[in-house]
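# Inside the fold
Chain by chain, the residues run as shown.
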Protein chains: 2
Amino acid sequence: MSEDKLTPRSENFSEWYNELVLKAELADYSPVRGCMVVRPYGWTLWENIQQALDRRFKETGHVNAAFPLFIPMSFLEKEKEHVEGFSPELAVVTHGGGEKLEEPLVVRPTSETIIGYMYSKWVKSWRDLPILINQWGNVVRWEMRTKLFLRTAEFYWQEGHTAHATEEEAREETLRMLNVYADFAINEGAVPVIKGIKSETEKFAGAVMSTTIEAMMGDTKALQSGTSHYLGQNFARAFDIQFTNRNNELEYAYTTSWGLSTRFIGAIIMTHGDDKGLILPPRLAPIQVVIVPIYKNTEEKARVMEATDRIFRELKAAGIRLKVDDREEVTPGFKFNDWELRGVPLRMEIGPKDVEKNAVALARRDRPAKDPQTGASTKLFVSQENLAATVSQMLADIQQSLLERATAFRDANIHDPKDYEELKQVVQNGWAFSYWCESKECEAKVKEETKASTRCIPLEGQPSEPGKCIVCGTEAKRKVYFAKAY
Amino acid sequence: MSEDKLTPRSENFSEWYNELVLKAELADYSPVRGCMVVRPYGWTLWENIQQALDRRFKETGHVNAAFPLFIPMSFLEKEKEHVEGFSPELAVVTHGGGEKLEEPLVVRPTSETIIGYMYSKWVKSWRDLPILINQWGNVVRWEMRTKLFLRTAEFYWQEGHTAHATEEEAREETLRMLNVYADFAINEGAVPVIKGIKSETEKFAGAVMSTTIEAMMGDTKALQSGTSHYLGQNFARAFDIQFTNRNNELEYAYTTSWGLSTRFIGAIIMTHGDDKGLILPPRLAPIQVVIVPIYKNTEEKARVMEATDRIFRELKAAGIRLKVDDREEVTPGFKFNDWELRGVPLRMEIGPKDVEKNAVALARRDRPAKDPQTGASTKLFVSQENLAATVSQMLADIQQSLLERATAFRDANIHDPKDYEELKQVVQNGWAFSYWCESKECEAKVKEETKASTRCIPLEGQPSEPGKCIVCGTEAKRKVYFAKAY
């Protein structure tokens, strides 16, 4: 548990993050440089993320499968941009079963190549299309400067890989999955993301077009939280995914890929957390409600635990994820801090007086313990009658309030600088939403001089009129977000 | 789909298996030697296995987590028997991020070592115990003679790793998880397994005691289908998992590990399948019911499809996993064969006459299409009234009947040879259940002369009296199963 105090978020955001991940027992460093251990509390959060996404994938017609961890080095080399993008990050297996391998194997950094190879075996005719497969698994991209969940050599994700008979269908799929990600992020994670298109510089190695959901963290930096790529016929040509179309002509398929990773746990931590620790959105929280029974003697204990057990069973039957903290060796105050650190959305206290009044006390994690004006406790005393309904409603309120708060924070920190000088200032502590001519030169100049990169050209909220590039002043069709990013 | 005919199981069991896995689209060979691709139909079966097991793990107090894919070579060397057991099978990463690594990393063949290292960081006091963690993931054991699901370099599994304050608790956990596996295998997979203890020769590298569930395949060979190991203090000593016990003394923890893999898919195929293809147990089948609508013209089609859609919705709402095969380009006969190959437990046919009679026709996959005596069709005509209940009951009957058939087959092929000569004969086509003195010499002799190994000393069904070793004739306390194995 948390014996030392957590560095407040307001004091040092980066330290706060690093300490919090460890203290809340979400993850730990491993003896293998760059690799993380995801501890049970963090993994349960990931399992809830997986379920929320997997349901959406299946509803949109996708199925899961599993492709090999190892990819022959020669496969990566078949798509020129792809290998250039990934080769600095590869982990390479050179020996197997005590012998040197004829061809080195790469531990997959992503699976377009090996899946492309298999699709070329499976696809013969337009009748075999579309193929709509997703894979849950681990990937490796060599990385020495570890930041748990955000930057690790091995991480966990899902990667969807689809093949289609027409460009139109594949482009539709790319946007469909971008929308699935945005819906998930907003409605499950309470993370208000912006959907948009990546610049040529920022796009996936081998894609024709990359789309992204971008989120603003509590320090105003951007976090790319999920991406969906239209790959055109690039990988189909490299791996010979050909099919006979309806006119009986041989054609290359059109493919997409899309992924969301354990990085999203970082997005949740940095979007909602505060000085006291995590605040987890109720829909994804491993524990939605923690019950702390409070008593002074065995007589009180008997009465309190009877009510606690009854309420536990009632809420559990209603599908609420909850836990009773019945530790004897620590005080209620210690428990309050502990579960606040771990971000449990709702704390329920049950004491002898509550039992007497047929009530419980509820403390919302997203509200301060005391009213900032009056100094009065913000605890809510509610009846035990219809408690499951009361609690479910409050969890829904917390979910909604987290989303609103994060949206307000984001909007307050997106600026519309009037010129390049102002842009240089605003991106130090926020995002700039500005016209950009879409040239690599202007993008590079901003990055060089401010460390802010282009995050995305948003799909929604573009002005109807063209304007002037904020960097070079030439005509610009669309606006882009500039921001420092994780 | 299946254009070429499947080699009948009765003709060549091994060919039948290899062809069936491919034709039913459970899995495919990959371009990486030794690695498999698990296709969506196979992966959905695995997902159902995962859910059935994961529920049992959580009910017994376990939580999931994730540990690194890579293990420093030096870790494996810390447990002498462990490294000896696994070193011939290792895949080794020597390069990362373009540079040679200081210490080679092994792609995990199993995770006792790296998890042991982390437990040593997490465990300080008896209050931190037990730790009850499971991990779902992939492991690699170098293997060139691929047999899909049964023998591949990369495979998927779960590995539980627990640490306890006392030997008694750890031994209890070992047996608890063995019982979980047996319950799963019997009640979900309809695979009648025998629980027992592995011989010293056959036990896990580094264990004090290994327990196993052993199943008899359709060719009478044995398949080890899941194992649970009591590791004593071996790994705790190697990785310094020490805790302060209740008497304030420093002590090494007692650990266990247990695993069940995608091999179990092989067990399902080889336990239940027949000449026509797979027969999947309803509780795990990706598709429990396939509806084949039958019509000759558009007028019939309209009526039949109206009933089909209605029944589909009704059964789906009742939680039945089902599919409508509405392909226009193939005949009903083709569809029947196709779904029989894929082992869907129940086929429902809906034609114009059925619609008229408010009925449907049901064909059970576990019954021949025609009565062997009378030659009459075995299809059942049932009312559309309460169809979900009728179907659910029939699926439960099929589940039960598969288990009974497999149990009867197994029992008919377990022999009690009167002497060593007879043992040598019976293990050619079955199992021998015989007294054994538990010496390595007698075990080795049997293996050398018959290719049968000791499968397990069963925990149940031992005679009350000691006897004479079937090989050497000296006193033997217990009986063991001898069988050829996968």
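Residues numbered from 1 in each chain as written. Chains lettered and ligands numbered in written order. Predicted model: local features only at pLDDT ≥ 70, side-chain atom pairs only at ≥ 80, totals over all residues.

### A closer look at the overall build of chain A
- Along chain A, the regular secondary structure elements total 14 helices and 25 strands.
- With respect to the three principal axes, the spread of C-alpha positions in chain A is 80 × 60 × 45 Å.
- The burial tally for chain A puts 49% of its 486 residues in the buried class. (Helix = DSSP H or I, 4+ residues; strand = E, 2+ residues; numbered from the N terminus. Buried ≥ 20, exposed ≤ 12 C-beta atoms within 10 Å, placed from the backbone.)

### Section: the domain arrangement of chain A
- Structurally, chain A comprises domain 1 (13-272), domain 2 (289-400) and domain 3 (414-483).
- The C-alpha centroid of domain 3 of chain A is placed 48 Å from the C-alpha centroid of domain 2 of chain A. (Domains from an automatic or database assignment.)

### Side note on the environment of B:Ala476
All names here are of chain B.
- Within the secondary structure, Ala 476 sits in strand β24 (residues 475-476).
- Under the C-beta neighbour-count criterion, Ala 476 is labelled buried, with 21 such atoms within 10 Å.
- Spatially, the C-alpha atoms of Ala 476 and Glu 465 are 9.5 Å apart, while their sequence positions differ by 11 residues.

### So, the sheet that holds strand β10 (residues 209-216) of chain B
Residues and elements named next belong to chain B.
- The sheet built from 11 strands is open, its strands ordered β3-β7-β8-β14-β11-β10-β9-β22-β25-β21-β20 with mixed pairing. A single partner strand is all that each edge strand has here, and the edge strands are β3 (63-64) and β20 (414-415).
- Note that β3 and strand β7 (residues 131-140) share 2 bridges and pair parallel. The residue of β7 that forms the bridge with Val 63 is Ile 133.
- Along the sheet, helix α6 (residues 167-187) contacts β8 (154-164), β9 (194-197), β10, β11 (222-232) and β14 (254-261); its crossing angle with β11, the most-contacted strand, is approximately 165 degrees.
- Sitting on the sheet, helix α8 (residues 263-272) is in contact with β10, β11 and β14, with an inclination near 145 degrees to β11. (Pairing = 2+ DSSP bridges. Contact = placed C-beta atoms within 7 Å. Axes fitted to C-alpha atoms, helices over the stretch in contact; angles between N-to-C directions.)

### Considering helix α9 (residues 298-317) of chain A
Residue and element names in this part refer to chain A.
- Taking 1.5 Å per residue as the helical rise, α9 with its 20 residues ought to reach 28 Å, and the 28 Å between its terminal C-alpha atoms agrees with that figure.
- As for α9, its buried residues are in contact with β15 (289-293), β16 (322-324), β17 (346-350), α11 (352-357), β18 (359-364) and α12 (387-412).
- Remark: Gly 319 follows α9 within two positions and exhibits a positive phi of approximately 85 degrees. (Expected span 1.5 Å × (residues − 1).)

### Things to note about the nonpolar core
- Judged by nonpolar contacts, the single largest core of 284 residues is most densely connected at A:Phe482 and B:Phe482.
- Discounting chain neighbours no more than four positions away, the residues touching B:Phe482 are B:Leu423, B:Val427, B:Trp431, B:Ala432, B:Ser434, B:Val446, B:Ala452 and B:Thr454. (Core = buried A, V, L, I, M, F, W, Y, C linked by C-beta atoms within 7 Å.)

### Let's talk about the pairing of strand β8 (residues 154-164) of chain A
All names here are of chain A.
- A large share of β8 lies buried, amounting to 10 of its 11 residues.
- Bridge count between strand β7 (residues 131-140) and β8: 10 bridges; the pairing is antiparallel. If you follow Gln 135 over to β8, its bridge partner there is Glu 159.

### Details of the relation of the copies chain B and chain A
- The transform that puts chain B on chain A rotates by 180 degrees and translates by 0.0 Å along the axis, for an RMSD of 0.0 Å. The relationship between the two copies is best expressed as a two-fold rotation axis. Closest to the rotation axis within chain B is the C-alpha of B:Val93, separated from it by 2.1 Å.
- Residue by residue, 100% of the interface of chain B is reproduced at the interface of chain A, so both copies engage with the same surface. (Least-squares fit on C-alpha atoms with pLDDT ≥ 70 in both.)

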